[in-house]
Amino acid sequence: MILENVLNMLDRNHARRVSKLSMSLARQLGLSEHEIHLIGQGALYHDIGKIAIPTYLLQSKEKFNEEEYRLMQRHVEYGLSILSVHTGEEIEAAREIIASHHERWDGQGYPHGLMGEEISLYGRIVAVCDVFDALCSDRPYKAAWPVGKALDYIKDQSGEAFDPRVVEAFLQMMAEGVAV
Ligand SMILES: [Fe+2]
């Protein structure tokens, strides 16, 4: 089961797309080239903890019940645990992103229910790109959304799931035709 998860993760297309999009968004927000690099590397790891989540959950076509949702949320702590003994700036960025990519601007996210700028900027950037890419991709439980519908969703979640400033930059970047 875990081996199957590891092999699934070798198809790293989602992680690569989120990484690329996050770098473009960081650039749009005016971050330094060094930080853009760190976000790009860190974003590759954002869901690495999912290798410890049961395959049936990762491939479920059904809406999660409460217990399944709680189990899925644990990919954050598993990811942090996997990288816990590694050192270096890129791994630091990865840990920051793993820890924060499911927090929400309105404080309703996990694992800590952080709010607004309490959430790492790297995490706020990756959160938008992660959700956008997931919406635009086929998943076991849904078909890919058209880009326009996904953009409407991101816009709609400004100030709720996402940092309004990050959403604004994201929409502007997309309007300018950067990296879809
Ligand atoms: Fe995640």
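Residues numbered from 1 in each chain as written. Predicted model: local features only at pLDDT ≥ 70, side-chain atom pairs only at ≥ 80, totals over all residues. Heavy atoms only, no water.

Participant: Before we go on, may I ask you to explain the overall build of the protein in this structure?
Facilitator: Summing up its helical and strand segments, the protein has 10 helices and zero strands in all. Ordered by position from the N terminus, the helices and strands of the protein form the series α-α-α-α-α-α-α-α-α-α. Taken against the 2.2 N^0.38 rule, which gives 16 Å for 180 residues, the C-alpha radius of gyration of the protein at 16 Å falls within 12% of a compact globule. Its C-alpha atoms give the protein principal-axis dimensions of about 40 × 40 × 30 Å. Sorting the 180 residues of the protein into buried and exposed places 42% on the buried side. Of the accessible surface of the protein, which amounts to about 9,700 Å², a share of 53% is contributed by carbon and sulfur atoms. One way to put it: in the protein the 18 positive side-chain charges average out to a point 5 Å from where the 27 negative ones average out. (Helix = DSSP H or I, 4+ residues; strand = E, 2+ residues; numbered from the N terminus. Rg over C-alpha atoms; globule rule 2.2 N^0.38 Å. Buried < 20%, exposed > 50% of the residue type's maximum accessible area, 1.4 Å probe, protein only. Areas by Shrake-Rupley, 256 points an atom, 1.4 Å probe, with all protein chains shown as cover. Lys, Arg positive; Asp, Glu negative; His and termini not counted. Charge placed at Lys NZ, Arg CZ, Asp CG, Glu CD.)

Participant: Would you explain the coordination of the iron ion in this entry?
Facilitator: Perfect tetrahedral coordination of a metal by four donors corresponds to 109.5 degrees between them, and perfect octahedral coordination by six donors corresponds to 90 or 180 degrees. Donor atoms from the polypeptide that bind the iron ion are Asp47 (OD), His75 (NE2), His101 (NE2) and His102 (NE2), placed at 2.0 to 2.3 Å. For the iron ion, the four donor atoms are set out with angles of 86 to 176 degrees between them, so the coordination reads as irregular. Counting the intervening residues between successive donors of the iron ion yields the motif D-x27-H-x25-H-H. Of this pair, histidine 75 sits in helix α6 (residues 75-82) while histidine 101 sits in the loop between α7 (89-100) and α8 (121-135); the two residues are 26 residues apart in sequence, bridging distant segments of the chain. Comparing histidine 75 with histidine 101, the two get one shared label, buried. (Donors = N, O, S within 2.8 Å, 3.2 Å for Na, K, Ca; no water. Tetrahedral: all angles 85-135°; square planar, octahedral: opposite > 155°, others 65-115°.)

Participant: Help me understand the side chain of serine 100 in this model?
Facilitator: Mapped onto the secondary structure, serine 100 falls in helix α7. Looking at serine 100, the relative accessible area reads 5%, which means it is buried. The residues contacting serine 100, other than those within four sequence positions of it, are Ile119, Ser120 and Gly123. (Contact = heavy atoms within 4.5 Å.)

Participant: How should the packing of aromatic side chains be read in this particular structure?
Facilitator: What characterises a pair of aromatic rings is the spacing of the ring centres plus the angle enclosed by the ring planes. In the structure shown here, the tally under the stated rule is three aromatic pairs. Aromatic side chains phenylalanine 132 and phenylalanine 170 sit 5.1 Å apart centroid to centroid with 70 degrees between the ring planes, which places their arrangement in the edge-to-face category. Highlighted residues: phenylalanine 132 in helix α8 and phenylalanine 170 in helix α10 (residues 164-175), separated in sequence by 38 residues. Each member of the pair phenylalanine 132 and phenylalanine 170 is classed as buried. Taking the ring centre of tryptophan 145 as reference, the NZ or CZ of lysine 149 above it sits at 4.2 Å. (Phe/Tyr/Trp six-rings, centres within 6.5 Å; stacked < 30°, edge-to-face > 60°. Lys NZ or Arg CZ within 6 Å of the ring centre and 35° of its normal.)

Participant: What is the right way to read the environment of glutamine 157 from this model?
Facilitator: Looking at the secondary structure, you find glutamine 157 in the loop between α9 (147-156) and α10. Between the C-alpha atoms of glutamine 157 and tryptophan 105, which are 52 residues apart in sequence, the distance is 9.4 Å.

Participant: How should the side chain of aspartate 130 be read in this particular structure?
Facilitator: Here aspartate 130 shows up in helix α8. Although aspartate 130 lies buried, it forms no salt bridge, and the closest oppositely charged side chain, arginine 139, sits 5.6 Å away as judged by the N-O distance. Within the structure, the side chain of aspartate 130 is placed 3.4 Å from the side chain of histidine 46, a separation counted as a polar contact. Sequence-distant contacts of aspartate 130, defined by excluding residues within four places in its chain, comprise His14, Val18, His46, His101 and His102. (Salt bridge = Lys/Arg side-chain N within 4 Å of Asp/Glu carboxyl O. Polar contact = N/O pair within 3.5 Å; in protein donor to acceptor, adjacent residues only side chain to side chain.)

Participant: Where do I start with unusual backbone geometry in this structure?
Facilitator: Peptide bonds are, in most cases, trans, and in most cases residues other than glycine have a negative phi. The amide bond that connects tyrosine 110 to the next residue, proline 111, takes the cis arrangement and shows omega of 10 degrees. Tracing the chain through its elements places proline 111 in the loop between α7 and α8.

Participant: It is not clear to me how the pattern of salt bridges should be interpreted in this structure. Could you clarify?
Facilitator: A pair can form between side chains of opposite charge whenever their charged atoms are brought close. One pass over the structure, following the stated rule, counts eight salt bridges. Arginine 124 is paired through a salt bridge with aspartate 163; the nearest N and O atoms lie 2.7 Å apart. One end of the pair, arginine 124, is in helix α8; the other, aspartate 163, is in the loop between α9 and α10, and 39 residues separate them in sequence. The same class applies to arginine 124 and to aspartate 163, which are both buried.

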